[in-house]
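Coordinate inspection notes
Here are the chains, one letter per residue:
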Amino acid sequence: MSFDPRKLGARCDECVMGARKVGGPVANELNPNAKVLIVAQAPGEVECDLGAPLVGPSGQAVMRALSAVGMSRADVSLANSVLCRSPGNDSR
């Protein structure tokens, strides 16, 4: 695992998804100059494969919306509220 949220204080060992997760963790993409933070629920399969938030189908829709208002990925910060992917995206 290249990104280890435990180094930032996360308590992954106590997470209910620990044994069930199928991907992640995926690091947030934070731009210190951003005026907008876009938060998705959790990384999908593509995000886990590429190790970046909002790069799959949902991310493509977000990028189209940003483009429509004259913004790009470089203008925002991107995050997931949950850093790992659960089976079937079910967080219960």
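This report concerns the structure included in the present document. By convention here, each chain's residues receive numbers from 1 onward along its written sequence. Since the coordinates come from a predicted model, pLDDT governs what is reported: local features require at least 70, and pairs of side-chain atoms require 80 or more to be given and counted, while whole-chain, interface and lining totals use all residues. Each side-chain value is derived from all of the structure's non-hydrogen atoms; neither hydrogens nor water enter the calculation.

**Section: the pattern of salt bridges**
Working definition: two side chains of opposite charge can pair if their charged atoms are close together. The salt bridge definition used is simple: a Lys or Arg side-chain nitrogen within 4 Å of an Asp or Glu carboxyl oxygen. Inspection of the entire model under this criterion finds 4 salt bridges. For Asp4, the salt bridge identified is with Arg6, shortest N-O distance 2.9 Å. Across the pair Arg11 and Glu14 runs a salt bridge whose closest N-O atoms are separated by 3.3 Å. Throughout this description, buried means an accessible area under 20% of the type-specific maximum (1.4 Å probe, protein chains only), exposed means over 50%, and partly exposed covers the range between. Judged by its relative accessible area of 56%, Glu14 falls in the exposed class. In the salt-bridge network here, residues are joined through shared partners; they are Asp4, Arg6 and Asp13.

**A look at the side chain of Asp4**
Relative to the helices and strands, Asp4 is located in the segment before strand S1 (37–40). When its relative accessible area of 18% is taken as the criterion, Asp4 is described as buried. Residues adjacent in sequence count toward polar contacts only when both atoms are side-chain atoms; beyond that, a polar contact is any pair of N or O atoms within 3.5 Å, and within protein one must be able to donate a hydrogen and the other to accept it. Within the structure, the side chain of Asp4 is placed 2.9 Å from the side chain of Arg6, a separation counted as a polar contact. Helical segments are the DSSP runs of H or I of at least four residues, strand segments are the runs of E of at least two, and each set is numbered from the N terminus.

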